[in-house]
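Coordinate analysis (summary)
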Amino acid sequence: MAGRLAGKRCLVTAAAQGIGRATALAYAAEGATVIATDKDVGKLADLTAAGLTTQGLDVLDDAAITAAIAAAGPLDILFNCAGFVHQNTVLTATDAEWDFGFALNVRAMWKMVQATLPGMLARRHGTIVNMSSGCSSIKGAPNRFVYGTTKAAVIGLTKSVATEYVSQGIRCNAICPGTVDTPSLGDRISANAAAAGSEEAARAAFVARQAMGRLATAEEMAALAVYLASEESAFVTGQAILIDGGWTL
């Protein structure tokens, strides 16, 4: 039986690890042709071995984005996953953190959509899935000032694109996770270990804020990304969909 994305051509950013990698593999498993991109080309090697097309891409480089989209050919699905989590408050955030957070978490997403959308509009069909967060306009989280602000902007970007092109065959939605067990989280756990007393204590603190008493898996996020990319969600657009294990209850 053909997969839910059979015949679809997809591009995934930040596919080297975490949610991006899980989604690239899930799209391929559902029959899609997947172009998996990341700034760290070396970490894409296992995806190449799995039969996916891989390509280096720094989403902070506008010219590189233009070239990547041109090389990818007509896309049916764009999954914008690249992002970074700063740990700061309104009092501790620096100009550099603010500028980098918006450049990677928001501007890069805008530029990816801007480059991809004309091809989708020409065929009057396309699906864009953006990575936002429960920590956004939905909920505040301690020590996530820049991150939460940028992810709120992603929701605004998503709704704007969805509204603008809803009558032209384009859908755009955002995924809003709680805490997901990824290498990125591992980096934050390590950064918090000294203050918490140990890495185990730092990890326990992240788990404790999840109502289900566990972290999400990248594969659970990928399952939602597949749904939003497939025709099963054909009547869904402009939505910021929470998948947070009850964190916002």
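Residues numbered from 1 in each chain as written. Predicted model: local features only at pLDDT ≥ 70, side-chain atom pairs only at ≥ 80, totals over all residues. Heavy atoms only, no water.

With an unreviewed UniProt entry as reference, the protein is termed SDR family oxidoreductase, source organism Falsiroseomonas oleicola. The protein has a UniProt comment under Sequence similarities (unreviewed entry) that states "Belongs to the short-chain dehydrogenases/reductases (SDR) family." (UniProt positions renumbered as here; feature names shortened; annotations may be inferred.)

As a further point, take the packing of aromatic side chains. Under the criterion given, the structure shown has four aromatic pairs. Summarising the aromatic geometry, the rings of Tyr27 and Phe79 are spaced 6.4 Å apart at their centres and angled 70° between planes, so their arrangement reads as edge-to-face. One end of the pair, Tyr27, is in helix α1 (residues 18–29); the other, Phe79, is in strand β4 (residues 77–80), with 52 residues separating them in the sequence. With respect to class, Tyr27 is no different from Phe79; both count as buried. Taken together, the ring pairs connect Trp98, Phe102 and Phe145 into an aromatic cluster. The aromatic ring of Trp110 is capped on one face by Lys111, whose charged end is 4.1 Å from the ring centroid. (Phe/Tyr/Trp six-rings, centres within 6.5 Å; stacked < 30°, edge-to-face > 60°. Helix = DSSP H or I, 4+ residues; strand = E, 2+ residues; numbered from the N terminus. Buried < 20%, exposed > 50% of the residue type's maximum accessible area, 1.4 Å probe, protein only. Lys NZ or Arg CZ within 6 Å of the ring centre and 35° of its normal.)

Counting 32 residues, the largest nonpolar core has Ile19, Tyr27, Phe79 and Ile175 as its most contacted members. Here this core takes eight residues from helix α8 (residues 218–229), the largest share from any one element. Among all residues touching Ile175, those that are not within four sequence positions of it are Phe79, Val129, Asn130, Met131, Ser132, Ser133, Met221, Leu224, Ala225, Leu228, Ile241 and Ile243. With 26 residues, the next largest nonpolar core counts Ile65, Ile128, Val161 and Ala162 among its residues. (Core = buried A, V, L, I, M, F, W, Y, C linked by side-chain atoms within 4.5 Å. Contact = heavy atoms within 4.5 Å.)

Turning our eyes to something else, we now look at the packing of helix α6 (residues 183–196) against helix α7 (residues 199–208). Two quantities define a packed helix pair, namely the angle between the helix axes and the distance between the axes. Where α6 contacts α7, the axes come no closer than 7 Å and their chain directions differ by 115°. As for how α6 packs across α7, the hand of that crossing is right-handed. Counted together, Leu185, Arg188, Ile189, Ser190, Asn192, Ala193 and Ala196 of α6 and Glu199, Ala201, Ala202, Arg203 and Phe206 of α7 form the full contact between these two elements. A class-by-class count of the residues in the contact of α6 with α7 yields seven nonpolar, two polar and three charged. (Axes fitted to C-alpha atoms, helices over the stretch in contact; angles between N-to-C directions. Left-handed = near helix turned anticlockwise from the far one by under 90°. Nonpolar A, V, L, I, M, F, W, Y, C, P; charged D, E, K, R; others polar.)

The next point concerns the pairing of β4. Side chains Ile77 and Phe79 of β4 all project onto a buried face; the interleaved residues Leu78 and Asn80 project onto the opposite face, where all are buried too. Two elements, strand β1 (residues 9–12) and β4, share three bridges in a ladder whose sense is parallel. By the bridge assignment, Leu11 is partnered in β4 with Leu78. For the handedness criterion, the β-α-β arrangement of β4, helix α4 (residues 95–123) and strand β5 (residues 126–131) is classed as right-handed. (Pairing = 2+ DSSP bridges. Right-handed = clockwise from strand over helix to strand, strands pointing away.)

With that settled, the discussion passes to the sheet that holds β4. As summarised here, the arrangement of the seven strands in space is β3-β2-β1-β4-β5-β6-β9, forming an open sheet in which the pairing is parallel. With one partner strand each, in any of the chains shown, β3 (53–56) and β9 (240–243) form the two edges of the open sheet. Averaged over all pairs of adjacent strands, the angle between their axes in this sheet comes to 20°, without regard to strand direction. Contacts between α4 and the sheet are confined to β1, β4, β5 and β6 (170–177), with β4 contributing the most and set at about 175° to the helix. Across the face of the sheet, helix α5 (residues 145–165) comes into contact with β5, β6 and β9 while running at roughly 160° to β6.

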